[in-house]
Protein chains: 4
Amino acid sequence: MPQLYNETPTVRKRKIVVQYWPPMNKKIKAKVVGATGYGGLGIIDLLLRHPCAEISALVAREDAGKRISDVYPHLAGFCDMPIHAADDPAVQGAYDVVFFSTPDRVGMADAKAELAKGAKVIDYSGDFRFTTLAAYQDYATRLGKDPQHLSPELLGTNVYGMPELHRAEIARANLVGNPGCFATSCILGLAPALKAHLVNPHGLVCDCKSGVSGAGKKAKPQFHYPERCEQINAYRLSGHQHVCEVERELGLQAGEDVTVIFTAQVLPISRGILSTLYGDLTQDVTEADVLDIYRKFYAESGFVRVLPSTAAVGTMSVRGTNFCDIVVSVDARTRKLRIVSIIDNLMKGQAGQALQNMNVMFGLPENTGLNQPGMYP
Amino acid sequence: MPQLYNETPTVRKRKIVVQYWPPMNKKIKAKVVGATGYGGLGIIDLLLRHPCAEISALVAREDAGKRISDVYPHLAGFCDMPIHAADDPAVQGAYDVVFFSTPDRVGMADAKAELAKGAKVIDYSGDFRFTTLAAYQDYATRLGKDPQHLSPELLGTNVYGMPELHRAEIARANLVGNPGCFATSCILGLAPALKAHLVNPHGLVCDCKSGVSGAGKKAKPQFHYPERCEQINAYRLSGHQHVCEVERELGLQAGEDVTVIFTAQVLPISRGILSTLYGDLTQDVTEADVLDIYRKFYAESGFVRVLPSTAAVGTMSVRGTNFCDIVVSVDARTRKLRIVSIIDNLMKGQAGQALQNMNVMFGLPENTGLNQPGMYP
Amino acid sequence: MPQLYNETPTVRKRKIVVQYWPPMNKKIKAKVVGATGYGGLGIIDLLLRHPCAEISALVAREDAGKRISDVYPHLAGFCDMPIHAADDPAVQGAYDVVFFSTPDRVGMADAKAELAKGAKVIDYSGDFRFTTLAAYQDYATRLGKDPQHLSPELLGTNVYGMPELHRAEIARANLVGNPGCFATSCILGLAPALKAHLVNPHGLVCDCKSGVSGAGKKAKPQFHYPERCEQINAYRLSGHQHVCEVERELGLQAGEDVTVIFTAQVLPISRGILSTLYGDLTQDVTEADVLDIYRKFYAESGFVRVLPSTAAVGTMSVRGTNFCDIVVSVDARTRKLRIVSIIDNLMKGQAGQALQNMNVMFGLPENTGLNQPGMYP
Amino acid sequence: MPQLYNETPTVRKRKIVVQYWPPMNKKIKAKVVGATGYGGLGIIDLLLRHPCAEISALVAREDAGKRISDVYPHLAGFCDMPIHAADDPAVQGAYDVVFFSTPDRVGMADAKAELAKGAKVIDYSGDFRFTTLAAYQDYATRLGKDPQHLSPELLGTNVYGMPELHRAEIARANLVGNPGCFATSCILGLAPALKAHLVNPHGLVCDCKSGVSGAGKKAKPQFHYPERCEQINAYRLSGHQHVCEVERELGLQAGEDVTVIFTAQVLPISRGILSTLYGDLTQDVTEADVLDIYRKFYAESGFVRVLPSTAAVGTMSVRGTNFCDIVVSVDARTRKLRIVSIIDNLMKGQAGQALQNMNVMFGLPENTGLNQPGMYP
C-alpha cells in the first residue's frame, strides 16, 4: 500500500494528545478584536480547545454590551464572556497575545499600543502583510485604497505569517501579518516549484474557488441563499487584493520577479478553497519528480499533505482542519505543471493559521490545539 | 456530574477541560464493528478525541484488508489502523467495550461472545432496544422483519441507552441498545410532558425532519445530489421503525399507554434532525410553567438545553455536538403543547449518545470527550 | 375547462398546446407593481410566456430608471423594459390588469385608482384577503399591525383568489386578494376533509416548511448562505400571519369555526413548501375513502393532484409549476388524517396562482400559460 | 446605458413567440433512445414544448414496459407514453428524427438502421463527434476504450453539432454528433480568439467546473448528498474525453494544431458549467478589442451572449436555457486572455443543443422551442 500522506510522525500522531508545554506555568492570555466575525469566532473556538491559552477579552464594534453567547447561541456554556467596545477601559490591560480579526486599517491604528504593553500581535488584514512602506503602498494603490500607512515605523518588524515559509522569523517576531485565504492556497501550492525553478516565474495561472464564508458573515444580495444555491461566478476580474502577497512570496522563493493571473470565484459551499494552479515547466519532469521535490520542501511542515494526481480529495478532506492538501500533476502534452491546492478558508486560510502562528511565536509545538481530523460527513 | 447548561450561568464551564478520571490507570480499549459506516466513523472520531479511551480494533464487512485512512483520507495520520473481517483471528481478543454500529441482526448474533469475554457492549440497532421478547417481536412484526431474536436470553439484561432517562441502569449495565435518531429527538422532547401528565397520551404528533446522513453512507437514487438539493419529502407514511421505542419510553414516563403518529421527512442537509411535536394539553399552563417543568426534569442532564419559544435555534445550533435543544411553546387557542426538539442525528442521535453511554457505563463524567461547541458556520 | 389531471389518463394532454382564446383580438395589457421582487419577477416570467397577455408597465420602489434586464440579466433580450416609480406619469394609463406584488398597505392605497380606470386588480398582500373590515382588523391586530384599512369601501367587492374554492366569484370579480403561500398549501390540503366533516374542526395541526425564497429577495443574516446551508429552524412560534386566512377559508368549507396550530419552518432550499397537516378523524374511513372524497372535491381543478400514501413526491415534483400535490394517509392507530400538501411557493403560492386568477377573471382557460411540467432535475 | 448583450433582435425577441414554420404541415415525429437518463428527459421536456415536433417513441434499456410518468412523476399528464426496449417491434417504424441520448457505442451500432429508414439522427455520445476513423481511434485510444468503430462507413457523413461553428453543414446533414458539455463551453469560449490568432494555440488552459447532473442520473458514492454538499474536487487529472474534440474544433478555427490542458472539477450544484479559459496573447489588445472580435464572430448566433469583464453573471444566469454567456477580460500584466464561459450543462451542453441541431436540420428558426429566459431564482 503506498503511503498516502507525507507523514512526519513526530508532528502528526494517530492519537490527538494534549501537548505538554514546559516553558510556561500559566496560560497565554488572549484578547480577540473583531470577535463577532467569522475570523473572530474561529479563533475563539480554537482558543477554547487550546490546552495552554485562554480568552481574556473580546472586542467588537457591534454588539458591545452583550455576551458573545447571546449573539452566537452555539457558544452558550462554552464562552459567555461580554463583548466590549475597543475603547472600553475593561479591555486596556496587558495581554500575552492580541488577535486583530479586523478589516484593513484597524490593526495599523491599534497594534502599536498593544505591542507597547508587551503583547504579541497577529493581524488578519493586509496591514502587516508587507514589510516595507513601498510594498504596502503598491498594494493599497492597486486596490484603490488609501496608501497612507498609520504605523509605518512598524513595517520591517512584522513578519508574513506563513510558518511553512517563515517559521524561524515568526518564532522571533512580535508582530505577524496573517496571510489571505486565497493567497495561502496559491503560495503553498506553488512555492516548491518556484524554489526549484521548475516553472517559468511569469504568467502563472491561479484559478481559485472559495466558499461563501470567505466573504465574511455580513449578508449580501449575492450570498442570499436563493441567489447562491445553484451559482458559481467569477468576480473582481480586474484585480484581487491577494495577488500582491502571492507574487511577493513566490518571488522570494524564486529569487526573481513572479507574475500571476488570478481568478477569484465563489461557490455554493460554506467553507473551503480549491485553487488550481498552472505553470509552464522549464524542464522535463515526471509527477514522481515533482512529488519528491514537494515532499522534501514540506518535510518539516505537518499541515501540508502532498498527494499524487490519483488522490481523491476535495474541500471536504480539509474541512474544519488546518491542513493544506496539495495534489501534483504534470501534463506532458502542454508541458505544464498543474497543482490543486485545497484548504479550509476559515482554518488554514484564517483562524487556524493565526493559531499556528501563535504556537510558533510562543515556542509551542506548531499543531497544539490544531491536530484534529475534521468533521465527516 | 456537575450541570453543564442553562440553569445557572455558573454551571457550564467556559473552558473545555479534559476531565480527570481517577478510577483507571489505563485506557479503555474499544472495538468498533461496522467501522466504515457513518456510525462507525462517528465513534472513531470521538474515541480519537477521548482522553481515557483508545481504538483497539476495527471491523467491517467491506474494505477488510485496507487501512481505514485509505478509505477515508480525512483520517490519515489520525487513524491508520487496518480494517478486519468480523471473523479475523486478529480481532477475537478481549476488549473493554465493543460498539456494534451495524444494522439489525448483527449485534444479536455476536454480542453474546463479546459479553462472555468481559466486554461492555453498545449496539446501535433495534436488536437491544427492547427488553422483552414480546416487545422485540412486536417491533419486528410491525416492520415485516424476522421476529426471531437470536439471543433472547440477553433480553432483560439490556438497557435502553438514553442516559437522561436511564442513567442509573446504564451505569450498571453491560449491554446497551443505543436509541434511534428520530426516537431520541421525540422522546427527549416529550418525556417531561408525559411524566407531568401535561398532555393527553393518545394521538401525539411527531413531525420529524432529518438530514440525509440519517439514511447512512450508501448512495441511493433519492439521495443523488441533483435529486435531493431542492427536495424535501415524506416517506414510509405507513409506519416507521422508531415508533415502537418512542411509545414504549413515553409510556414508561406516563405510567400508561401512549400512542403517536409519526411522520419521517428528509431534508437537503447533511446532518441534523428537527422534530416538531404536538400534544393536547390536559390543563391550563403557560410557557413559563412548561419551561419550569422541563428544566427541572433535565436538571441533571447537561446535554439537554431547554429554551423559550423566542429562541433562535435550528439544526446548526447543535451540529457536531451531543446537545439536544428543546424549544417549548404553548398555543392557548388550540390548547396544544408544541415542542421543537433538535439534535445532530450522527451525534446525540447516534455516535455521540453511544459515547455518552460508554462514559456512564465506565463511571466517567458523562460529557468526557463530548464537551464541545460544534463547528460554526 | 377540460380536466388536466389524474382522474382519467386521457384528460391531461400529452402536448402543451397554446390555448385558443376566442373572445379577444388583442392582448391583455398588464402593469406589474413591485416588479423587482421575487413575486414581480415571477409574474413577469409568466406573462412573457402567456399567449394572450403582454407586459405594459413595470413599477418598483427601487431601481426606477434602470431597465429590468440591467437588474436581472437573465431577462436580457426577453424583457428590457424600464422600471418606473409608482408616480411616474408614464405609468398612469389604463391597463387591463394590475398586479400588486407588494407588501401590506401598498395595494390598499393604490388599487382604487386602478379599478377606477377599469383595470382588474390582483394584490399579493394581506390587504384584500379579507372581505369585511372586522376580519381585516382582526388579522392586522393579531400581527400587531396598523388596523386601519385605507380602502374599507372596497372590502366586500374583493374575492379570495383561490380558484379551486372560489372560481365563480373570481370570474366575476375586479379585485382579488392573492392567497398567502403557506395558506395555499394548508387550505388546499384540508378543505375537502372539512367540507366532508371528516375531521374535528378544532386543533388542526399545520406543520409547514418553506424554501428561503418565501421570505423574499432581500438579503438577511439568517438567509446568508453559510448560515442557512445546513439549517432548518422554526420561527415566529407565537403566531403567523397566514393563520387567519386558513381558519377563515376552512371555516367556510366546514360551515363552522375552525382552529389551527400553525408552525412555520425554513429549509435550505430555494423554492418549495411542504406542509404536513393532521386532523382528528370523526369517523372510521380508509385511505381509499379519503382519496375518493378528495378527488371528487378537486374534479374540476386541474392543478391539484391527489395521490395515495405510497406516492414518491416532494418539492421537486412541483418545482416551477402551478401544481399542488396532495398525499393522503390515514393513521388508524391514532385515528388521525394526515395530509402532505406540496407546492412551489413562488408559483401556486404566489405568481402562478396570480396568473391563474387572471385567467379566470378574463374568461381564459385556467391553465393558459401555466401548463408545464417543471424543470427536472 | 451600454447594451449588455450582443442582441440580434431578429433572433431573440422580447416576447417569446411561437415561430411560424412554413415548410411543413405536419409535426416532426421524434424517437428518443435513452429516454430515462437526464439527456433523454431533457429532450422529452423540450419536445413537449416545441410547436412543430412531437414525441413518437421512447426507448430505454431500463424500465421498459412502464410509462415514463411512472418513473418520473413530474411528467404525469404531460407525457405518459410507454418505455420500450430497443428491439421492441413497436418502435421499429420510420421517424423523422432519432435522438440517441446514450453512452458511447450505442449510436454507432444502431444509427445506420434509422438513417436507412429516412430519419435524421442526433447522437449525444462520442461516436459521431469525429469525422475520420483515425480521429475516432485516437479519441478511443486515449481513453482506453475499444478503438473499433462499428459504422466506420458513416464517418465523414456526420457533422459536429455545434451550430455556431457548423451551421451550414448541419443544415445539410442527416447525422450529427452532439458535442460534449465541457467541450461546448471551451470551444465557444475560445473559438473567436483562435480564429483571430489572438492567442498562442499551444498550452491553452481550460479550468472547467460542472454541476453533478453532468455525471448523469446514476447514484454514485461521490455524489451522495452528504458527500457532495460541501465538496468541490478535481478528477481524472490524467485526461478527459472532451479534450480531443476541443483541440480538433479549435484547430479548425486556428488553421493549425492546438493543445489544451484541461481540468474537470465537480461542484455541489445540480446544473451548470463555468469554464475559465486562459491563453497567451500574441498581440497587444484591449478588452474592447476582444469584445468586438467576439461579438462579430457570434453576430448570427443568438444563443451566445458576449459580455465585458464587469458583467455579474454566473451559472444561474443560464440555468434552464440554451444560452452560453461569455465574459472576456485581458490581463495586461501577464499578457493573458481570460474567458469565462458559462452554460447549463443539460441545455446548451446537451439536450438544448440537440434541439438546436434538430431545428437547423429541419430548416426551422434555430431558437424554436428554446427561446426562454430560465427559471429565477
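All of these numbers come straight from a predicted model, not from anything done at the bench.

Cut-offs applied
- Residues numbered from 1 in each chain as written.
- Chains lettered and ligands numbered in written order.
- Predicted model: local features only at pLDDT ≥ 70, side-chain atom pairs only at ≥ 80, totals over all residues.
- Helix = DSSP H or I, 4+ residues; strand = E, 2+ residues; numbered from the N terminus.
- Buried ≥ 20, exposed ≤ 12 C-beta atoms within 10 Å, placed from the backbone.
- Contact = placed C-beta atoms within 7 Å.
- Pairing = 2+ DSSP bridges.
- Axes fitted to C-alpha atoms, helices over the stretch in contact; angles between N-to-C directions.
- Nonpolar A, V, L, I, M, F, W, Y, C, P; charged D, E, K, R; others polar.
- Least-squares fit on C-alpha atoms with pLDDT ≥ 70 in both.
- Domains from an automatic or database assignment.
- Right-handed = clockwise from strand over helix to strand, strands pointing away.
- pLDDT = per-residue confidence, 0-100.
- Arc of directions from axis to C-beta.
- Parallel < 35°, antiparallel > 145°, perpendicular 65-115°, else oblique.

1. Notes on the overall build of chain A
Part 1 of the argument: On a plain count of helices and strands, chain A comes out with 10 helices and 14 strands.
Part 2 of the argument: Taken along its principal axes, the extent of the C-alpha atoms in chain A is 65 × 50 × 45 Å.
Part 3 of the argument: Buried positions account for 62% of the 377 residues belonging to chain A.
Part 4 of the argument: Sequence separation of 24 or more characterises 70% of the internal contacts of chain A that already satisfy a separation of 6 or more.

2. Topic: the sheet that holds strand 7 (residues 175–177) of chain D
Residues and elements named next belong to chain D.
Part 1 of the argument: The strand order 3-2-1-4-5-7-6 describes an open sheet built from 7 strands, whose pairing is parallel. The two strands at the open ends of the sheet, each matched to only one other strand, are strand 3 (83–84) and strand 6 (158–160).
Part 2 of the argument: As defined by bridge partners, strand 4 (residues 97–100) adjoins strand 5 (residues 120–123) across 4 bridges and the pair is classed as parallel. Paired with F99 across the strands is I122, a residue of strand 5.
Part 3 of the argument: Of the strands in this sheet, strand 4, strand 5 and strand 7 touch helix 3 (residues 107–116), which is tilted by about 165 degrees from strand 5.
Part 4 of the argument: Where helix 11 (residues 347–361) meets the sheet, its contacts fall on strand 4, strand 5 and strand 7, and the angle it forms with strand 5 comes to roughly 160 degrees.

3. So, the interface of chain A and chain D
Part 1 of the argument: The interface is formed by 42 residues belonging to chain A together with 42 residues belonging to chain D.
Part 2 of the argument: At the level of elements, strand 8 (204–210), helix 7 (225–228), strand 9 (233–235), strand 10 (260–266), strand 11 (273–280), strand 13 (324–331) and strand 14 (336–343) of chain A are the ones that each hand at least two residues to the side of chain A that touches chain D.
Part 3 of the argument: The element contributing the most residues to the side of chain A that touches chain D is strand 11 of chain A, with 4 residues.
Part 4 of the argument: Here the residues of the side of chain A that touches chain D are counted per class, giving 16 nonpolar, 15 polar and 11 charged.

4. Here's the deal with the relation of the copies chain A and chain D
Part 1 of the argument: Rotating chain A by 180 degrees and moving it 0.0 Å along the rotation axis overlays it on chain D with an RMSD of 0.0 Å. The transformation just described matches what one would write down for a two-fold rotation axis.
Part 2 of the argument: Comparing interface residues between copies, 100% of those in chain A also lie at the interface in chain D; the contact surface is shared.

5. Examining the domain arrangement of chain A
Residues and elements named next belong to chain A.
Part 1 of the argument: Domain boundaries in chain A define domain 1 (28–179 + 349–361) and domain 2 (182–345).
Part 2 of the argument: Here domain 1 and domain 2 have C-alpha centroids that lie 25 Å from each other.
Part 3 of the argument: Between domain 1 and domain 2, the contact holds 19 residues from the first and 22 residues from the second.
Part 4 of the argument: Listing elements by their share of the side of domain 1 that touches domain 2, those giving two or more residues are helix 4 (133–142), helix 5 (163–172) and helix 10 (347–361).
Part 5 of the argument: If you tally residues by element for the side of domain 1 that touches domain 2, the top one is helix 10, at 5 residues.
Part 6 of the argument: Considering only residue class, the side of domain 1 that touches domain 2 consists of 8 nonpolar, 7 polar and 4 charged.

6. Focus on the sheet that holds strand 11 (residues 273–280) of chain B
Residue and element names in this part refer to chain B.
Part 1 of the argument: Reading across from one edge, 9-10-8-11-14-13-12 is the order of the 7 strands in this open sheet, with mixed pairing throughout. Sheet topology places strand 9 (233–235) and strand 12 (304–307) at the edges, where each strand pairs with a single neighbour. Strand-to-strand, the axes of this sheet are offset by a mean angle of 20 degrees, without reference to chain direction.
Part 2 of the argument: Contacting strand 8 (204–210), strand 10 (260–266), strand 11, strand 12, strand 13 (324–331) and strand 14 (336–343), helix 6 (residues 181–195) runs over the sheet at an angle of about 35 degrees to strand 11.

7. With respect to the pairing of strand 1 (residues 28–33) of chain A
As a general feature of sheets, a regular strand has side chains that alternate between the two faces.
Residue and element names in this part refer to chain A.
Part 1 of the argument: With 5 of 6 residues buried, strand 1 is to be regarded as a mostly interior element.
Part 2 of the argument: Pairing between strand 1 and strand 2 (residues 53–59): 6 bridges, direction parallel. Among the inter-strand pairings, A30 is bridged to a residue of strand 2, identified as I55.
Part 3 of the argument: Between strand 1 and its parallel partner strand 2, the chain crosses via helix 1 (residues 38–49), and the hand of that crossover is right-handed.
Part 4 of the argument: As judged from the 4 bridges shared by strand 1 and strand 4 (residues 97–100), these two strands associate in the parallel manner. Opposite A30, over in strand 4, you have V97 as the bridge partner.

8. Some remarks on the confidence of the model for chain A
All names here are of chain A.
Part 1 of the argument: Confidence in the prediction for chain A averages 93 pLDDT; 93% of positions are at 70 or higher.
Part 2 of the argument: Across residues 1–23 the pLDDT falls below 50, and counting only partners more than four positions away or on other chains, this stretch makes 42 contacts in the model.
Part 3 of the argument: Of the two predicted TM-score estimates for the complex, the pTM is 0.94 and the ipTM is 0.93.

9. Description of helix 3 (residues 107–116) of chain C
In an α-helix there are 3.6 residues to a turn, and that puts residues three or four apart on one side.
Residues and elements named next belong to chain C.
Part 1 of the argument: For helix 3, the full list of buried residues reads G107, M108, D110, A111 and E114. Down the axis of helix 3, the buried set is contained in an arc of 165 degrees. They therefore lie on one face. Among the exposed residues of helix 3, those pointing more than 90 degrees away from its buried face are A113 and A116.
Part 2 of the argument: Check the buried side of helix 3 and you find it contacts strand 4 (97–100), strand 5 (120–123) and strand 7 (175–177).
Part 3 of the argument: Taken from the residues just after helix 3, G118 is the one with a positive phi, measuring 100 degrees.

10. Describing the packing of helix 6 (residues 181–195) of chain C against helix 9 (residues 287–297) of chain C
All names here are of chain C.
Part 1 of the argument: At their nearest, the axes of helix 6 and helix 9 sit 9 Å apart, and the two run at 105 degrees to each other. Classified by the angle between their axes, helix 6 and helix 9 sit roughly perpendicular to one another. For the pair formed by helix 6 and helix 9, the contact residues are A191, P192 and K195 on the first element and I293, Y294 and F297 on the second.

11. Considering unusual backbone geometry
Part 1 of the argument: With an omega of -5 degrees, the peptide bond between Y376(A) and P377(A) qualifies as cis.
Part 2 of the argument: Assignment of secondary structure puts P377(A) in the segment after helix 10.
Part 3 of the argument: In the Ramachandran plot, R335(A) falls in the positive-phi region, its phi being about 55 degrees despite a non-glycine side chain.
Part 4 of the argument: Take R335(A): it is sitting in the loop between strand 13 and strand 14.
Part 5 of the argument: Phi is positive for D63(C), which is not a glycine, with a value near 65 degrees.
Part 6 of the argument: Tracing the chain through its elements places D63(C) in the loop between strand 2 (53–59) and helix 2 (68–71).

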